[in-house]
Amino acid sequence: MTTIASSPSLTQNPCCSDWIELSREGVVVLKSGKVEIGQGIATALVQIAADELDVAPAQVELVSGHTARGPLEAGTSSSLSIETGGRAVRLAASAVRAILLAEAAKLLQAPVEALSVAQGSIMNSGRETDLTYWSLATTVDLSAAVLEHARPKAPAERRLTGTSMPRIDLAAKAAGAGFIHDLELPGMLHGRTLDPPASGRRLECFDEAALKHAFPNVQIVRDGSFVGVIAEREDIAVRAIARAARLAGWSGGFEVRQVMRNAIAADSSAVEFVAGRGDFESAHGRRITTEIERPYLSHASIAPSCAIARWEGDALEIHSHSQAVHDMRAPLATAFGIDADKIVIIHVPGAGTYGHSGQDDAAYEAALLARAVPGRPVRVLWSRAADFSLAPLGPGAVVKAEAKVDSEGRITALSIQSQSQAHVSRSGRGGTINLVAAERLAVPMAKGAPPDVPLERGGGADRNGMPFYAVPNIHVSKRILRDLPYRTSALRALGGYANIFAIETLMDDIAAATGADPIALRLAHLDDPRAAAVISKAAEMAGWPGSQGQGEGLGLGFCQYKNRSAYCAVVARVVCDERVRLTHAWAVVDAGEAINPDGLMNQIEGGIVQSASWTLKERVTFEGDAVTTRDWEAYPILRFSEVPEIKVSLIVRPELPALGVGEAATGPTAAAIGNAVHRALGLRVRTLPITRDAILAAAEQAQGTTGTTGA
Amino acid sequence: MDAIEIHVNGKKLGVRVDPDTPLLYVLRNDLGLKGTRAGCAEGQCMSCTVIISGRPQTACTVPVGSVAGQAVETVESLLGEDANHPLFDCVIEEQAGQCGYCLAGILMRAKALLDRQLAPTREDITSALDGHLCRCGAHARIIRAVERAAQAARARP
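Small disclaimer: the values here were computed from a predicted structure and weren't measured.

*Asks:* Explanation requested: the overall build of chain A in the structure shown.
*Replies:* When helices and strands are tallied, chain A shows 18 helices and 26 strands. Across its three principal axes, chain A shows a C-alpha extent of roughly 80 × 75 × 45 Å. In chain A, which comprises 711 residues, the share counted as buried stands at 56%. The long-range fraction of contacts in chain A, counting pairs at least 24 apart against all pairs at least 6 apart in sequence, stands at 79%.

*Asks:* Explanation requested: the packing of helix 13 (residues 496-514) of chain A against helix 17 (residues 666-681) of chain A in the structure shown.
*Replies:* Two quantities define a packed helix pair, namely the angle between the helix axes and the distance between the axes. Residue and element names in this part refer to chain A. Where helix 13 meets helix 17, the closest approach of the two axes is 8 Å, and the angle between their N-to-C directions is 35 degrees. For helix 13 against helix 17, the interelement crossing comes out right-handed. Each of G496, Y497, N499, I500, F501, E504, T505 and D508 in helix 13 lies in contact with helix 17, whose residues at this interface are T666, G667, P668, A670, A671, G674, N675 and H678. When the residues that make up the contact of helix 13 with helix 17 are grouped by side-chain class, the tally is six nonpolar, eight polar and two charged.

*Asks:* I'm lost on the confidence of the model for chain B in this one. Help?
*Replies:* Low-pLDDT stretches of the model should not have their predicted coordinates read in fine detail. The predicted model of chain B has a mean per-residue pLDDT of 97, with 99% of residues at 70 or higher. Across the whole predicted complex the pTM is 0.97, and at the interface the ipTM reaches 0.98.

*Asks:* Could you clarify how one ought to interpret the sheet that holds strand 22 (residues 567-576) of chain A in this entry?
*Replies:* In sheet architecture, strand pairing relies on hydrogen bonds along the backbone and comes in two forms, parallel and antiparallel. Residue and element names in this part refer to chain A. Here four strands make up an open sheet; going across it, the order is 21-22-23-26 and the pairing mixed. A strand with exactly one partner marks an edge of an open sheet, and here the two such strands are strand 21 (552-560) and strand 26 (645-650). Sheet twist, expressed as the average angle between the axes of neighbouring strands with direction ignored, equals 15 degrees. Bridging between strand 21 and strand 22 involves nine bridges; their strand directions are antiparallel. Pairing of G555 across the sheet is with A572, part of strand 22.

*Asks:* How do you make sense of the sheet that holds strand 6 (residues 127-132) of chain A when you look at a structure like this?
*Replies:* Residues and elements named next belong to chain A. One open sheet holds the three strands; their spatial order is 4-5-6, and the pairing between them is antiparallel. Of all the strands in the sheet, the pair left with one neighbour each is strand 4 (115-118) and strand 6. Ignoring strand direction, the axes of neighbouring strands in this sheet form an average angle of 40 degrees. By the bridge criterion, four bridges tie strand 4 to strand 5 (residues 121-124) in an arrangement that is antiparallel.

*Asks:* Help me understand the interface of chain B and chain A in this model?
*Replies:* When the parts come together, some accessible area is lost, and that loss is often what is quoted as the size of the interface. With 44 residues of chain B in contact, the opposing surface of chain A contributes 41 residues. Listing elements by their share of the side of chain B that touches chain A, those giving two or more residues are helix 1 (23-30), helix 2 (86-93), helix 3 (103-116), helix 4 (122-129) and helix 5 (139-155) of chain B. In terms of residue class, the side of chain B that touches chain A is made up of 23 nonpolar, 15 polar and six charged.

*Asks:* For this particular structure, what's the right way to read the nonpolar core?
*Replies:* Core analysis: the biggest nonpolar cluster contains 266 residues, and A366(A), A538(A), C568(A), A587(A), V589(A) and L107(B) have the highest contact counts within it. Looking at this core, the element that brings in the most residues is helix 3 (residues 81-108) of chain A, giving twelve residues. With residues up to four places along the chain from it excluded, the contact list for A366(A) reads G191(A), A307(A), I308(A), A309(A), I318(A), V378(A), R379(A) and V380(A).

*Asks:* Help me understand the domain arrangement of chain A in this model?
*Replies:* Residues and elements named next belong to chain A. When its domains are assigned, chain A resolves into domain 1 (9-163), domain 2 (180-252 + 300-389) and domain 3 (397-423 + 459-704). Taken over C-alpha atoms, the centre of domain 2 sits 37 Å from the centre of domain 3. At the junction of the two partners, domain 2 supplies twelve residues and domain 3 supplies 14 residues.

*Asks:* Looking at this structure, I do not really get the domain arrangement of chain B. What am I missing?
*Replies:* All names here are of chain B. The domains assigned to chain B are domain 1 (4-74) and domain 2 (78-155). Between domain 1 and domain 2, the C-alpha centre-to-centre distance is 20 Å. When contributions to the side of domain 1 that touches domain 2 are tallied by element, the ones reaching two or more residues are strand 3 (49-52) and strand 4 (55-58). Sort the elements by how many residues they give to the side of domain 1 that touches domain 2 and strand 3 lands first, with three residues. Residue composition of the side of domain 1 that touches domain 2, by class: six nonpolar, five polar and three charged.

*Asks:* Hey, could you run me through unusual backbone geometry in this one?
*Replies:* Peptide bonds are, in most cases, trans, and in most cases residues other than glycine have a negative phi. All names here are of chain A. In this model, G70 is joined to P71 through a cis peptide bond whose omega is -10 degrees. Inspection of the secondary structure puts P71 in the loop between strand 3 (60-64) and helix 3. Of note, the bond from L688 into P689 is cis; its omega dihedral lies within 30 degrees of zero at 0 degrees. Among the secondary structure elements, P689 is positioned in the loop between helix 17 and helix 18 (692-704). A positive phi angle is found at S78, which is not glycine, with a value near 60 degrees. Its place among the elements puts S78 in the loop between strand 3 and helix 3.

*Asks:* Help me understand the packing of helix 2 of chain B against helix 3 of chain B, please; the structure alone is not making it clear to me.
*Replies:* Residues and elements named next belong to chain B. At a closest axis distance of 10 Å, the pairing of helix 2 and helix 3 adopts a crossing angle of 130 degrees. In terms of their interaxial angle, helix 2 and helix 3 are classed as oblique. Here helix 2 runs over helix 3; the crossing is right-handed. Counting all contacts with helix 2, which are made through L87, F88 and V91, the residues of helix 3 involved are L103, L107, A110, K111 and L114.

*Asks:* Looking at this structure, I do not really get the environment of K342(A). What am I missing?
*Replies:* Along the chain, the position of K342(A) falls in the loop between helix 10 (325-336) and strand 16 (343-347). Among all residues touching K342(A), those that are not within four sequence positions of it are D314(A), A315(A) and L316(A).

Rules behind the numbers
Residues numbered from 1 in each chain as written. Chains lettered and ligands numbered in written order. Predicted model: local features only at pLDDT ≥ 70, side-chain atom pairs only at ≥ 80, totals over all residues. Helix = DSSP H or I, 4+ residues; strand = E, 2+ residues; numbered from the N terminus. Buried ≥ 20, exposed ≤ 12 C-beta atoms within 10 Å, placed from the backbone. Contact = placed C-beta atoms within 7 Å. Axes fitted to C-alpha atoms, helices over the stretch in contact; angles between N-to-C directions. Left-handed = near helix turned anticlockwise from the far one by under 90°. Nonpolar A, V, L, I, M, F, W, Y, C, P; charged D, E, K, R; others polar. pLDDT = per-residue confidence, 0-100. Pairing = 2+ DSSP bridges. Core = buried A, V, L, I, M, F, W, Y, C linked by C-beta atoms within 7 Å. Domains from an automatic or database assignment. Parallel < 35°, antiparallel > 145°, perpendicular 65-115°, else oblique.

Right under this line is the structure:
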């Protein structure tokens, strides 16, 4: 028997019954810890389970992100839901099928090879029998270990995976009550919480009596600097909190060095070695250096964070759109001084959030308010300004990328140093609490300093810091800045966005310095045919090298996400006139087996648009410790009139494992745009976003100095 | 408090609320029409767009008292017992969404466009939708869906 590749998700949830229930006639209940965040995972998991079980997708009822029903999987992040969660579902579903068919074979006294399944009914040599999954499930033990029974179908036997099944959740999201924001629980009350100007501020004065006088039917909850209101009607809660804001005075706040490069230079945190081979310093060749800067970025979800909490005695039930419902229980248990098993968290989809924004904070604040009204659910919806200014930000970063290039144009050595605040600071990781309201309580809860994500888990600041190119000497390091006051956590692709931008900028700078074609230079330094294939095909689709100069140009960016997930090459075409316009983007992706090709392409298209938005427009600004980009006017994102024509091509390899794609296009798109601008204008913009002002600044700088320096 | 009469999706309804209450909360909480999305509540993201007397407007900035007696159309009006509005079907056919939060508002803006213009150009569509924010990057699919729906609407008897 061949060994079956397992999934980390099976380690904690080894039994078939952790994943699949057959207690209701005709229905397969599929349980997953991975949650729908707009990426289509719900549909993909249903496809996989239905495929392995030979049932119709409509027969599968998905329960996901439910801490009481399990399974306990790691959060929905790092583009791992298909790779690990999907893999676990495939193995579990195949094991359930194998166990039930073995039982059927015994009862029918038929060889198992003669049996087949149609919508859960057992067929013997193509003829119907009295047996179904549901009749058999009463006599078999589904607590059996998945890995002992798993027999996943060979690629050629799959019927549903590999097809573009439409999303199972889209209709309700387009015109129904498809979101947590729309959930109305019996007896539900509406809460709102008071926003401090910045996360560390203290409430100096607050005229609670005046608020009570103006809103006698509104319940006011106060604990130190945390203030919330609870009302029967949402519009009343909104009015009451607006009045509360006028009755509050805040203290605290401090000056922060404005220029990020200076702040980073002044930070005392140590440089850590991440990975490498050979010796960068002693490698020979001409030194070429680039240093890029990415600003702090907002998740900027279209809908502010929302949660509903209800206490029953010391038991707490929360509906949340957190991407890590299981991780949230321990910190909430600590925060409320109860056992974690008294807390049930149920995931309900929200708007796309692309990482760790205010979801967990809203859940905590709903629970804080709900304590005042035992038995009644309290719904908290954050303000737009809170989502922009109090939720964690994607950290700004400075990345220095250096190469040594010999006289033949071979790269002999590469060095990457990433510097930023930690990229993941979810509560629960490393026993920490990171809930913004917990800092405001009368007895504030200490905020831990979570470690950045280690490279084994895909890396944080150093994600994709390891260049993918076949170069003998490589040195990768990172510096996690501890002295900066901003609240940061996971935003799509983490450090991969800035690192890929830096590495791929450097590659084009090397090409320019050595007179090489950027595509040829990359292909000459790649020994992975899958990487070469996506780059070559993207170049071909875009008509590389295209017209260059006079304000028009093509540029390429490439990565294998996390150096282990999907391969993605993007070619961008820009026209630079009054501003930088991204007119076209071509992408080629190799993610191995594609569970749902259209869903995969949708993720790449969206990844390109979002990365283009970051790269061309977005920057969080601060005044001291306070975020000043607090609404959509201050924080504009790419609009309908600004999105490029996008063409995505997949290289599908059904025989290879399915790789995560959600974050694959993020880094390559940024690099492709930067390189296209470089080829269009002969100017290198190293400080993101690439706005008109940034181009003018780069032009000014180029007049004073050359872009590359000799050894 | 006197009842305010509004005509929502062809039905005459009376609501007893403060006339200053934003229409958004009345639709979602008093009338149970959750399809109209609550976004920024500041008239900037357009996700709560509804059609009032033929004109697309953000429900978060319109006091319910100001629409007394007027016809309000919400995204629910695109769903029919026999057939949906082609805009809704085309959004599904094109899989024109990821998280989907922006879609309800976009559908209503697009409906207002198609109601007055049978054959909009791509530029007409792009410029009509330009104020609507989509964070997932489903723009290209949404534009295709609206183009397709315009074709389907023209083909209808």
